[in-house]
Amino acid sequence: MKRRIAFFHFDGTVTIKDTLLELIKYQKGNFLLCLGFLINAPYLVAYKLKIIRNSTAKQKVLRFFFNRMPLSSFQLKCDEFASDKLPSLIRPKALQEIKKLQGIGAEVVIISASAKNWLLTWADELNVKLIATMLEVKNEKLTGMIDGENCHGEEKVKRIKAAYDLSEYDEIYCYGDSPGDKPMLALGTYSFYKPFR
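These figures come from a predicted structure and were not determined experimentally. (Residues numbered from 1 in each chain as written. Predicted model: local features only at pLDDT ≥ 70, side-chain atom pairs only at ≥ 80, totals over all residues. Heavy atoms only, no water.)

Enquirer: Account for the pairing of strand β4 (residues 141-147), naming residues and giving values.
Expert: Sheet topology note: the strand β3 (residues 129-138)/β4 ladder contains four bridges and is antiparallel. Within β4, the position partnered with Leu135 by the bridge is Ile146. Count of turn residues in the β3/β4 antiparallel hairpin: two residues, of which Asn139 carries a positive phi of about 55 degrees. (Pairing = 2+ DSSP bridges. Helix = DSSP H or I, 4+ residues; strand = E, 2+ residues; numbered from the N terminus.)

Enquirer: Explain the packing of helix α2 (residues 19-28) against helix α3 (residues 30-39) residue by residue, including any values.
Expert: Remark: α2 packs on α3, axes separated minimally by 7 Å, with the N-to-C direction vectors making an angle of 130 degrees. The orientation of α2 relative to α3 falls into the category oblique. In this structure, α2 uses Leu21, Ile24, Lys25 and Lys28 to contact α3, whose residues at the interface are Asn30, Leu32, Leu33 and Phe37. Here the contact of α2 with α3 is composed, by residue class, of five nonpolar, one polar and two charged. (Axes fitted to C-alpha atoms, helices over the stretch in contact; angles between N-to-C directions. Parallel < 35°, antiparallel > 145°, perpendicular 65-115°, else oblique. Contact = heavy atoms within 4.5 Å. Nonpolar A, V, L, I, M, F, W, Y, C, P; charged D, E, K, R; others polar.)

Enquirer: With reference to specific residues and values, describe a nonpolar patch on the surface.
Expert: Residues Phe31, Leu32, Leu35, Ile39 and Phe64 make up a contiguous nonpolar surface patch of roughly 460 Å² in combined accessible area. A per-element tally of the nonpolar patch places α3 first, with four residues. Among the secondary structure elements, Phe64 is positioned in helix α5 (residues 54-66). Classification of Phe64 as partly exposed rests on a relative accessible area of 33%. (Patch = residues over 30% accessible without salt bridge, like charges linked within 9 Å, V, L, I, M, F, W, Y side chains within 5 Å. Areas by Shrake-Rupley, 256 points an atom, 1.4 Å probe, with all protein chains shown as cover. Salt bridge = Lys/Arg side-chain N within 4 Å of Asp/Glu carboxyl O. Buried < 20%, exposed > 50% of the residue type's maximum accessible area, 1.4 Å probe, protein only.)

This is how it looks when you write it as structure tokens:
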């Protein structure tokens, strides 16, 4: 029997929108979302111009919204977001593909630069594995920093190879929608770019 594994990039591939922005809106409201992005606009522009790294811009945003927030409060809001909001952001065709692959016995792994905190409940309910960015916590509070590396670009490949011996699989399916997914897509025996639009 063939061993199969499938890796799905999350934001934009499985979802219709970036979930970090939606999570901030859910937890902080539209006004603070707009204010935070206005204040952090120079960093976001610098990232778009490739002057600073993705992780640097992301941490500026995370620090603005979540620095010193108790982990327990943050996680509670993340769990609520996963139940209340996340299902409406999932692309129906992506969900169909995940279930189809599970039906033929494939292991399904969500791999995301978004934080584990707001994806794990959804992943558990769908019975899929999760590889995601981790947020730094000190004294039971968020620092607004990333713990380790942002799970983006080549880091996705490192995380996949650390978790799985790909030589043990006969078929590897990879799904992505951005230039940052291309290193991961190169791992696949079957790779799909922007497949659910």
